[in-house]
Amino acid sequence: MQIATQGLVLRETEYKDADKILTVLTREGGKRTVRARGCRRRGSRLTAAAQLLVWSDMTLFEYRDRYTLNEADALDQFLGVRSDLDRLALASYFAEVTEAAAEEGRPDGALLSLILNSLYALDRLKKPLPLVKAAFELKLLCITGYEPLVDACAVCGTPEPEQPRLSLGEGVIHCAACRVGRGISLPLDASALAAMRHIVLGNPKRLFSFELEKESLRLLSDACQAFLLTQMDRGFRTLDFYRRLSVPDTPTQTGEGQHAQKGK
Ligand SMILES: [Zn+2]
């Protein structure tokens, strides 16, 4: 059976002499494992499309639940991302997280839009990378069923918590003085909390339309990353690599990248 769709390559693995096995996020069927025969041969029509982070029109051939890439026409290669190591590392992290969140055979338009918009932001918008990263992480959690409750303190109910914190395990905000469970909470400030609300509750088309001062952005960035790692309960090789690039003078952290609780 022939399937016409569009897809973004989330992972590529060389296979045999000239093939690749691709993990593709398709519009029609969510995550698919697709074999691209001969794509590493010189002059193959599939070469451009059969690369990590390329968005293409694709014709797949399905036989007994196995998919082969018959034809492909690259629509966007995100060349601005490819030409910058920090951006490429961050985009690779987005791909790894998306692969972990996506389900085989289940289309998810919101997840596909999120990663395409995030790649577009890295490629063409002049936004700080930590801002794009935090918005991607938090929105992905909302889409996959881990939306945090950000409207008010989960304990006392005040809409503007004093010294707000995000509880990583519970997925709620609270005042510093209002304790939630025994898990770790990370500090926010009023601006970082406003940004979280923008990401969680705002129009997805305006996901990256906010600005933060440096310290507020650092708080947002730390909280969103730790929240994602806690909720997904795993680490990401690509995140470890990105962090080694972006903070060369900080000792590298392996493992889960979990931050210790600060200020309590
Ligand atoms: Zn409170």
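All figures in this text were calculated on a predicted structure; none of them were measured in a lab.

K.L.:
When you look at the overall build of the protein in this model, what are you seeing that I'm missing?
P.N.:
Counting its secondary structure elements, the protein contains seven helices and eight strands. Relative to a compact globule of 264 residues, whose C-alpha radius of gyration would be 18 Å, the protein shows 20 Å and is just as compact. In terms of principal-axis extent, the alpha carbons of the protein reach across some 65 × 40 × 30 Å. Across the 264 residues in the protein, those meeting the buried criterion constitute 50%. Relative to all contacts within the protein whose residues are 6 or more apart in sequence, the contacts with residues 24 or more apart total 59%.

K.L.:
When you look at the coordination of the zinc ion in this model, what are you seeing that I'm missing?
P.N.:
Ideal coordination angles are 109.5 degrees for a metal with four donors arranged tetrahedrally and 90 or 180 degrees for a metal with six donors arranged octahedrally. Donor atoms from the polypeptide that coordinate the zinc ion comprise Cys153 (SG), Cys156 (SG), Cys175 (SG) and Cys178 (SG), at 2.3 to 2.4 Å from the metal. Considering all four donor atoms around the zinc ion, angles at the metal cover 107 to 112° and the coordination shape is tetrahedral. Binding-site remark: the zinc ion is held by donors from one chain whose sequence spacing is C-x2-C-x18-C-x2-C. Within this pair, whereas Cys153 is found in the loop between helix 4 (129-143) and strand 6 (165-167), its partner Cys175 is found in the loop between strand 7 (172-174) and strand 8 (185-187), the two being separated by 22 residues in sequence. Both residues of the pair, Cys153 and Cys175, count as buried.

Calculation rules
Residues numbered from 1 in each chain as written. Predicted model: local features only at pLDDT ≥ 70, side-chain atom pairs only at ≥ 80, totals over all residues. Heavy atoms only, no water. Helix = DSSP H or I, 4+ residues; strand = E, 2+ residues; numbered from the N terminus. Rg over C-alpha atoms; globule rule 2.2 N^0.38 Å. Buried < 20%, exposed > 50% of the residue type's maximum accessible area, 1.4 Å probe, protein only. Contact = heavy atoms within 4.5 Å. Donors = N, O, S within 2.8 Å, 3.2 Å for Na, K, Ca; no water. Tetrahedral: all angles 85-135°; square planar, octahedral: opposite > 155°, others 65-115°.

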